[in-house]
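The residues making up each chain are set out below.
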Amino acid sequence: MTTSTASTNPTAPTPHHPIAVIGGGLGGLTLARVLHVHGIEVPVFDLDASPDARKQGGMLDIHEETGQAALREARLHEAFLAKVHPGGQALRVLDKSGAVRLEEEDDGSGERPEIDRGALRDLLLTSLPEDTIRWNSKVVACRATDGEGSRGRYEVTLADGSAFTTDLLVGADGAWSRVRPLVSDALPAYTGVSFVEVDLFDADTRHPESAAVLGGGMFFALGDEKGLLAHRETDGSLHVYVALRAEESWLGTVDFTDSDAAKAAVLEHFADWAPSLRGLIAEADGSLVPRYIHALPVGHRWERVPGVTLLGDAAHLMSPFAGEGANLALIDGADLGRCLAEHPGDTEAALSAYEAILFPRAEEMARESAGGLEAIFSPAAPQPLLDMFAGFGGPDTEQG
C-alpha cells in the first residue's frame, strides 16, 4: 500500500477524484471493494500511517443478514469463512457471585461466526488494488466549493497542508467524522457507560483460572449496573471490557500510566464480586485502556445534501450493545457501492436510494443498542439480558 498523499507543491494543480472515501475502516474498505468489483476505482484516505499502525480491536460476530450479506456483495464470503474462529459463538453469562446463569456451546450451526477484526480488515485490504489506500492522510477540513474555477463540489484539506477536490465525498471516518458537519449538526453524546479494556495473554498457561471462568467464546458477568464483557481471542488471549455506569469525568480520575494503580482504582468498583471475576482485572497484562462510550441520537438522519453522504459510525454511532456496529458499517459500504453501480451517471439517485435503506435500518439497530445498554446495566442484571436473549433467540453484543 502506498504511503503517499496529495502533493504539497503550491504550483501543482489540486488533485481531483470523482469519488473520495474518507476513512479506511471496515465500511470504507467494503465500499471500495464493492465499487472495485463493479469496475470503479476510488481512493480511500486514512489517517493511520500504515496498515499495522495500531491494534484493530477484538472479536466480531458477523451477522447473516448484514455483515455476511455485505461480504457476499464484495465477493469475499468464502474467504471470510476460512478465517472465522471455531468455537467463538460459545456463550457464558454469570452473575457477580460467579454463578453461571446461561451457557451455550458453539456447535457450528450458528449464523453469526466470529472473526478477529484485524483479520477481517486485512481480508478487505488485500482485496483492493495496491494504491487504493492513501495512508497518513488525516483530514482536517472539508468544505463545499462554489463550483467556479474548480473541478470539484468539495475540497478536502489534509494535515500535511495538501488538498484535493471531489464530486462525491463519502464520510466513513467514524465517531468524530470530519465529513458529518456537511450534512448534520449532530454530535455524539456520552451514554453514561465507560469501559476499561484489559488483556490476559496466553491465558490457558498463564491465567488458567480466568481462562476456565471465561470459556471458549463470548462472556458476560453482570450486576450492580456494571459488568465484565469479554471474549477469547484467536491467539489464546482473553480480551476484557470492564464496564460500568459512571460520570463522564470518572475515567479522568484514574492514572492509566500506572497499571497497578489503575487496577486498584477499577477493582474498588468490584469489591464484593467473586474473586474469580476480580481476577480478570487483577491479572491483566500490560496497560489498561480507558474508553468512553458515545452515541449519536437514535434515528439520526439528514436531508439529502448533493454530493456527500456518510456510512458506519459517522452516520449512526451507537453503543456496542446490539452487536451491530461493524455489521452496519459493512452493509452500509456494500449498499452504497451497489447503489452507485446501479445508477451510473446519476449520483443523486444513487445516494437517495442508499439513504432510503440506511436510515430506517440504522434507527432500528440504534433502538436495539439502547435497549441492550439498559438490559446489561440494569440493577437487576443479568436477568434482563437473559430475558432479551430468550426473546431474540441468542446473544447479540459486539466485542471489539
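Before any of the text, the structure's been laid out above.
Residues numbered from 1 in each chain as written. Predicted model: local features only at pLDDT ≥ 70, side-chain atom pairs only at ≥ 80, totals over all residues. Heavy atoms only, no water.

Draft legend 1. Layout of the packing of aromatic side chains. One pass over the structure, following the stated rule, counts eight aromatic pairs. Judged by centre distance (5.3 Å) and plane angle (50 degrees), the ring pair of Phe195 and Tyr241 falls under tilted. Of this pair, Phe195 sits in strand S11 (residues 189-200) while Tyr241 sits in strand S14 (residues 238-245), placing them 46 residues apart in sequence. Accessibility classification places Phe195 together with Tyr241 in one group, the buried group. Centroid distance Phe220 to Phe389: 6.0 Å. Interplanar angle 65 degrees. Geometry classified as edge-to-face. (Phe/Tyr/Trp six-rings, centres within 6.5 Å; stacked < 30°, edge-to-face > 60°. Helix = DSSP H or I, 4+ residues; strand = E, 2+ residues; numbered from the N terminus. Buried < 20%, exposed > 50% of the residue type's maximum accessible area, 1.4 Å probe, protein only.)

Draft legend 2. Quick look at the environment of Leu296. Considering the arrangement of structural elements, one finds Leu296 in the loop between strand S15 (285-295) and strand S16 (308-310). Judged by its relative accessible area of 6%, Leu296 falls in the buried class. Separated by 22 residues in the primary sequence, Leu296 and Met318 place their C-alpha atoms 6.2 Å from one another. If sequence neighbours within four positions are ignored, Leu296 has contacts with Arg180, Ala186, Leu187, Pro188, Asp313, Ala314, Ala315, His316 and Leu317. (Contact = heavy atoms within 4.5 Å.)

Draft legend 3. Seen up close, the environment of Val242. Of note, Val242 is situated in strand S14. Counting along the chain gives 49 residues from Val242 to Arg291, while the straight-line C-alpha distance between them is 9.8 Å.

Draft legend 4. How the structure looks around helix H4 (residues 117-126). Burial analysis of H4 places seven of its 10 residues in the buried class, which makes it a mostly covered element. Among all positions of H4, only Arg117, Gly118, Leu120, Arg121, Leu123, Leu124 and Leu125 are buried. N-capping of H4 is provided by Asp116, with a side-chain oxygen placed 2.8 Å from the backbone N of Gly118. (Polar contact = N/O pair within 3.5 Å; in protein donor to acceptor, adjacent residues only side chain to side chain.)

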